[in-house]
Amino acid sequence: MSNAEDHFKNVISHSKEYGFIFQSSEIYDGLSAVYDYGQNGAELKKNLRDYWWKAMVQLHDNIVGIDAAIFMHPTTWKASGHVDAFNDPLIDNKDSKKRYRADVLIEEHVAKIEDKIRKEVEKAAKRFENFDQKLFLQTNPRVVEYAEKINSINSRFKKAMEDGNLDEVKQIILDLEIVCPISGTRNWTDVRQFNLMFATQLGSVSDESSTIYLRPETAQGIFVNFLNVQKTGRMKIPFGIAQTGKAFRNEIVARQFIFRMREFEQMEMQYFVKPGTEMESYEYWKNARMRWHQSLGFGENRYRFHNHLKLAHYANAACDIEFEFPFGFKELEGIHSRTDFDLKNHEEFSGKKLRFFDPETKESYIPYVVETSVGLDRLFLATLATALKTEKIEDGSERTVLNLPHALAPVKVAVLPLVNKDGLPELAQKIVDELKFDYQVQCEEKDTIGKRYRRQDAIGTPLCITIDHQAIEDGTVTIRERDSMTQERVPLNAIKKIVDERVSLSSLLKKL
Ligand code: GAP
């Protein structure tokens, strides 16, 4: 097993052992691709959400936040295109009875060829001193052949999907000799389209007209409220509407822990602009969102842009911010220039005008939209997978530490009386009472101080305040910092200021 696979397994078991993530309804053997956040997970998730909200809403005077309902009028999803086009092409292997996404099978095949190119490049880079990668990619016969193969597969697949030709999609799988990873056979069914929305019934009458959907994205709640917010907030273009909330997709290939879930949380912002200015905003938000991710300090080389070559029919530019998860670079956030597709369709389906009247030019128009959309659960996974470390310490032993940015830690301060008597617990409680109005604080009295430090390291607590007998004598305590493990003695009346300086969210926000 590779180091990355080992690490990913550690992340999953650590999540459970320390109350970050549990499988949903675990006592009934769980529900596939659905997860619950435990006591520490809920805090970390909330802190990530707060950081996003403050960066997007609080720091931009032309962005406001809303909280739209999960249920929406069913016509919403007709207008948005989700009823007709939010599909995955599925294929079953008749021997293993396993179901796959046809596009994923083809993508994985392409990824294997890409891997071969990468290996050729690595080999050549080691061999030649002044290695010119660009020239190598253009001229090495084997690499050129691989690249041509990839282009041919991609363009054939793109055309098949655009034509809605599912027989051709199956033929590609057969021609590439893709086998089922379980049965090892090529005994495939035909490819079918499968809609990803969860449907349910509104009220007691169960007929087609009462079918409503669990929203598959939060964005539509923003579009249908565009005019309400613009008018009541007296917003002038360009302006943004932000929202965080649950979204639901009946994912068929649901795996990699919380990376692809059936119930997940999105943090989205729709930025309404004058038509013709959307590319400028698109570039702005691409860079602003990348800066936001990098402010977390996980390493700039762990992020990259992936520009979409195959654009959705409503977009005129789109890219992903990819993050290097333990299973490789994968999409973390999408930035999309969605033109006026959504507002125009909602106008048409609702019969209500969704336009902005510019009082200066006296023009009325449907704004264009640039969207930023990040999955909170994926962000959580990126954070946990990067922060979790096992390191050797001075006494030769090992410790597990969550190297979280201080402001994101579930517990900011642990207050630890050395013994459970002599007035030490009472003093600890006094400190907790001073800090608890601003921060999540924990007081721990059980076990040796070493064990208590280890437990706090494992959940990422940045500061531990230890109360010893000297604290009673001269009114000083020690503060231990998680990463350096250094301790400093400080007077009781300095604690609040030190904590404010080291763990507040504003220090992260100021870096943006
Ligand atoms: N409104 C645009 C939209 O929904 P998307 O690329 O489908 O775009 C945006 O989703 C983000 O939502 C993704 O970048 C990802 O972080 C997250 N996401 C999408 N599907 C997910 C799933 N099944 N589980 C967890 N996160 C998901």
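Scroll up for the structure.
Residues numbered from 1 in each chain as written. Predicted model: local features only at pLDDT ≥ 70, side-chain atom pairs only at ≥ 80, totals over all residues. Heavy atoms only, no water.

(A) Looking closely at the site of the ligand. Taken together, the neighbourhood of the ligand is formed by 20 residues, with Glu217, Met261, Glu268, Glu331 and Leu332 sitting nearest. Here a nitrogen atom of the ligand sits 2.9 Å away from a polar atom, N or O, in the side chain of Glu251. Relative to its free-state accessible area of 560 Å², the ligand is covered by the protein chains to the extent of 91%. Those elements that provide at least two residues to the shell around the ligand are β10 (263-273), β13 (328-337) and β16 (368-375). For the shell around the ligand, the element with the most residues is β13, which contributes five residues. Taken together, the residues that form the shell around the ligand break down as five nonpolar, five polar and ten charged. (Near = heavy atom within 4 Å. Polar contact = N/O pair within 3.5 Å; in protein donor to acceptor, adjacent residues only side chain to side chain. Areas by Shrake-Rupley, 256 points an atom, 1.4 Å probe, with all protein chains shown as cover. Helix = DSSP H or I, 4+ residues; strand = E, 2+ residues; numbered from the N terminus. Nonpolar A, V, L, I, M, F, W, Y, C, P; charged D, E, K, R; others polar.)

(B) Geometry of the packing of aromatic side chains. For the structure shown, the criterion picks out 20 aromatic pairs. Seen in terms of ring centroids, Tyr271 and Trp285 are 5.4 Å apart; in terms of plane orientation they differ by 65 degrees. Their pairing is edge-to-face. On the criterion of sequence distance, the pair formed by Tyr271 in strand β10 and Trp285 in helix α11 (residues 278-294) is long-range, its members being 14 residues apart. Accessibility classification places Tyr271 together with Trp285 in one group, the buried group. What links up through ring pairs into an aromatic cluster is the set Phe8, Phe259, Tyr303, Phe323, Phe325 and Phe327. Just above the ring of Phe329 sits the side chain of Arg304; from NZ or CZ to the centre is 4.1 Å. Sitting above the plane of the Phe259 ring, Arg378 keeps its charged end 3.7 Å from the centroid. (Phe/Tyr/Trp six-rings, centres within 6.5 Å; stacked < 30°, edge-to-face > 60°. Buried < 20%, exposed > 50% of the residue type's maximum accessible area, 1.4 Å probe, protein only. Lys NZ or Arg CZ within 6 Å of the ring centre and 35° of its normal.)

(C) Highlighting helix α5 (residues 102-127). Across its 26 residues, α5 extends 38 Å between first and last C-alpha, which sits within 8% of the 38 Å expected from 1.5 Å per residue. Inspection of α5 places Ala102, Asp103, Val104, Leu105, Ile106, Val110, Ile113, Ile117, Glu120, Val121 and Ala124 among the buried residues, and these make up the whole buried set. (Expected span 1.5 Å × (residues − 1).)

(D) Main features of the layout of surface pockets. Approximately 260 Å³ is the volume found for the second largest pocket. Surrounding the second largest pocket, 13 residues form its lining, Lys46, Asn47, Lys412, Asp438 and Tyr439 being those nearest its centre. Among the elements that line the lining of the second largest pocket, the one with the most residues is helix α2 (residues 39-58), at five residues. Split by residue class, the lining of the second largest pocket holds four nonpolar, three polar and six charged. (1 Å grid on protein atoms, 1.4 Å probe; cavity = no way out; pocket = protein on both sides within 12 Å on 5 of 7 lines; lining within 4 Å. Points joined across faces, edges and corners; volume = space filled by probe spheres on them.)

(E) Spatial organisation of unusual backbone geometry. Across the junction of Ile237 and Pro238, the peptide omega takes the value 5 degrees, indicating a cis bond. With respect to the secondary-structure elements, Pro238 resides in the loop between α10 (226-232) and β9 (239-248). Even without a glycine there, the phi angle at Ala33 is positive, about 65 degrees.

(F) Up close: the pairing of strand β18 (residues 398-402). Relative to β18, strand β17 (residues 388-392) runs antiparallel, the two sharing five bridges. Note on β18: the bridge partner recorded for Thr390 is Thr400. Here β17 folds back onto β18, and the loop between the two strands holds five residues, one of which, Gly396, carries a positive phi near 90 degrees. (Pairing = 2+ DSSP bridges.)

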